[in-house]
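Structural characterization, general
Here is what each chain is made of, one letter per residue.
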Amino acid sequence: MSDSQTVLERAIRSASVTRSVVVDPNAITRLPHALRSLEYKGACQLVADPDTMAAAGNRVLAVLRSANFAVEEPIVLAEMPRLKPRTETARDVGARLKATGALPVAVGAGVINDVAKYAAHVAGLPYVSVPTAASMDGYAASGAAMLDGGFKRTLACAPPIAIVADLDVIAKAPARMAAWGYGDLAGKVIAGVDWILADAVGEEPLDPTAFALVQDNVKVWLSASDRIAAHDIEALRGLMNGLLISGFAMQLHGNSRPASGSEHQLSHVWEMDRLTVDGAPAAHGACVGVGTVAMLALYEWFLAQDVPAAVNQREWNDDDRRQIEAEVQASFPEPFLVESARTEMAAKLARSGARPSRSRALGAAWPALRARIEATLIPAATMEHWLCACGAACHPADLGVSLIKLAKDYRRARLIRRRYTILDCLEDLGWLDRAIEALFEGGGFWGSRSRRSKVAADANASSKE
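Heads up: these notes are all about the structure in this document. (Residues numbered from 1 in each chain as written. Predicted model: local features only at pLDDT ≥ 70, side-chain atom pairs only at ≥ 80, totals over all residues. Heavy atoms only, no water.)

Counting secondary structure elements, the protein contains 23 helices and 10 strands. Taken over C-alpha atoms, the radius of gyration comes to 22 Å for the protein, in line with the 23 Å a tight globule of 465 residues would show. With the principal axes as the frame, the protein shows a C-alpha extent of 70 × 45 × 40 Å. Burial status across the protein gives 60% buried among its 465 residues. Element-wise, carbon and sulfur atoms account for 51% of the exposed surface of the protein, whose accessible area totals about 18100 Å². (Helix = DSSP H or I, 4+ residues; strand = E, 2+ residues; numbered from the N terminus. Rg over C-alpha atoms; globule rule 2.2 N^0.38 Å. Buried < 20%, exposed > 50% of the residue type's maximum accessible area, 1.4 Å probe, protein only. Areas by Shrake-Rupley, 256 points an atom, 1.4 Å probe, with all protein chains shown as cover.)

In this fold, Ser260 is placed in the loop between α11 (233-253) and α12 (262-272). For Ser260, a relative accessible area of 11% puts it in the buried group.

Moving on, we come to the state of the cysteines. All told, the structure shown has one disulfide when counted by the stated rule. Note that Cys388 is cross-linked by a disulfide to Cys394, the S-S spacing being 2.4 Å. Residues Cys388 and Cys394 share a disulfide whose torsion about the S-S bond is about 75°; that sign makes it right-handed. Just as Cys388 is buried, Cys394 falls in that class too. Counting only cysteine sulfurs, Cys388 is the nearest neighbor of Cys390, a cysteine outside any disulfide, at a range of 10 Å. (Disulfide = S-S within 2.5 Å.)

Within the structure shown, the criterion is met by 28 salt bridges. In this structure, Asp166 and Arg59 form a salt bridge, with 3.7 Å as the shortest nitrogen-oxygen distance. Of this pair, Asp166 sits in strand β8 (residues 162-166) while Arg59 is found in helix α3 (residues 50-66), placing the two residues 107 residues apart along the sequence. Residue Asp166 is classed as buried on the basis of its relative accessible area, which comes to 1%. When the shortest N-O distance is used, the salt bridge between Arg414 and Glu327 registers 3.1 Å. (Salt bridge = Lys/Arg side-chain N within 4 Å of Asp/Glu carboxyl O.)

Turning our eyes to something else, we now look at the pairing of strand β6 (residues 144-148). Looking at chain direction, β6 and strand β7 (residues 151-155) are connected through five bridges and run antiparallel. Within the sheet, the bridge partner assigned to Ala144 lies in β7 and is Leu155. The antiparallel hairpin formed by β6 and β7 contains two residues in its connecting segment, where Gly149 sits at a positive phi of about 65°. (Pairing = 2+ DSSP bridges.)

This part is about empty space enclosed by the protein. Remark: the empty space left among the atoms is shown by a probe the size of a water molecule rolled over them. In the structure shown here, the tally under the stated rule is two cavities of 30 Å³ or more. In terms of lining residues, the largest cavity is bounded by Ala175, Ala178, Ala179, Ile228, Ala229, His231 and Cys390. Residue assignment for the lining of the largest cavity shows that the elements contributing at least two residues are α7 (175-200) and α10 (225-229). Volume-wise, the second largest cavity comes out at about 30 Å³. Together, Ala133, Ala134, Ile170, Ala171, Ala173, Pro174, Ala175, Ala178, His231 and Leu236 line the second largest cavity. Every element with two or more residues in the lining of the second largest cavity is listed here: α6 (167-172) and α7. Looking at the lining of the second largest cavity residue by residue, the class counts come to nine nonpolar, one polar and no charged. (1 Å grid on protein atoms, 1.4 Å probe; cavity = no way out; pocket = protein on both sides within 12 Å on 5 of 7 lines; lining within 4 Å. Points joined across faces, edges and corners; volume = space filled by probe spheres on them. Nonpolar A, V, L, I, M, F, W, Y, C, P; charged D, E, K, R; others polar.)

Here we take up helix α16 (residues 335-349). The end-to-end C-alpha distance of α16 is 20 Å, a good match for the 21 Å that 15 residues give at a rise of 1.5 Å each. Looking at α16, one finds that the buried residues are Leu337, Val338, Ser340, Ala341, Glu344, Met345, Ala347, Lys348 and Leu349. Taken together, the buried residues of α16 touch β7, α12, α15 (321-331) and α21 (422-428). (Expected span 1.5 Å × (residues − 1). Contact = heavy atoms within 4.5 Å.)

Packed helix pairs are specified by the crossing angle of their axes together with the interaxial distance, meaning the distance between the axes. At their nearest, the axes of helix α13 (residues 284-303) and helix α22 (residues 432-440) sit 10 Å apart, and the two run at 110° to each other. By the angle between their axes, α13 is roughly perpendicular relative to α22. With respect to the hand of their crossing, α13 and α22 are arranged in right-handed fashion. Contacts from Ala297, Leu298 and Trp301 in α13 reach Arg434, Ala435, Ala438 and Leu439 in α22. (Axes fitted to C-alpha atoms, helices over the stretch in contact; angles between N-to-C directions. Parallel < 35°, antiparallel > 145°, perpendicular 65-115°, else oblique. Left-handed = near helix turned anticlockwise from the far one by under 90°.)

Within the secondary structure layout, Arg370 lies in helix α18 (residues 368-376). Distance in space between the C-alpha atoms of Arg370 and Val21 is 38 Å, their sequence separation being 349 residues.

The step from Trp366 to Pro367 runs through a cis peptide bond, and the omega angle for that step is 10°. Within the fold, Pro367 resides in the loop between α17 (355-365) and α18. In this structure, His231 takes a positive phi of about 65° despite not being glycine. When you line up the elements, His231 lands in the loop between α10 and α11.

Structure, rendered in structure tokens:
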């Protein structure tokens, strides 16, 4: 049994809702057994899109029918150029599911899974996930990442009761989808160090079990990037297991802290900006991967500074609400985005009086904290190379993001979530602007990457052949 399989089984035992997981070639044939092990004998109803119906849905239908399960007419969702996880879509699906009372079976990747998950919540039903690609970490997670009035937020809803991931199906998915999953998995590195930092300054206690599930294994999962690009079944198993285990860590902890930090905040900013790549909305995992490199570079700058000296010299402004309000207004063009960011920042400002104590705790914990963060991180240049080897987006230019925009988005990213990250720590120290400027100077990380490197261009070109 592989190490990732052992960790997956341990994660399943700790899960609050999910009780059956299969990750194997030809796994779809085991779906009826998974349902019976949960003592489910009622009707099923697939939720899919046209592509995932062709990739796996029709086979799922045949397998269920041959096992004498009743199957309602599938709900097949389509939207041009690509289906989006809109709350209104999920509520409509939820109403249709409630009318039949059938068990929803989500056959698809990220969007289908999130729509079906939230629709099941609306209908008051459990659901089952049949992933068609190793493209994201939300299959096993509580909550659904939805566009709610245009603002990307995670809405509370239960994870699936069972997951059946057929590696034969996953290996046939477009290579870019595994690259998206790899980018999403890469983000766990930043999620881990952001949590270490938040724990050290008294903002959010670290959950040792949930933390260890991800952080004890993530570097191993990420080390096979070239084999993932080659559609190697065992490498895809490791990727899929890593994504599922990240989801189970979120399920165990009760929110996304074990798997989401400042890299996801940057990703969400870009998704709300409606970035497009080749005419289609930029994929979440692609945005997370590039956001991970961006935040790794920021951490490298931070770790090179004299933090205790900065804490001793720092003077705090007791009321920066007007400045924050002006920044929020200038950062988001649409009123509903301004209002959502204002709500998130209000939660942060309610804790602004804790900035002196946070900073003192930071200074007192240094250098032991610095050593722990360094041991958890992966160098930004190494992560960039691994993403490239996987055929994943590895530079802002891959997303159509200029370095000028990236510099602004470092600041914007901290405005959309109340979660404490490196961005807030640097703002506490009065260093955020200084750090961003340093990254874009000639000798800084992005200053030395004003154009995509040849290795990045070649790796991405090869992945498309």
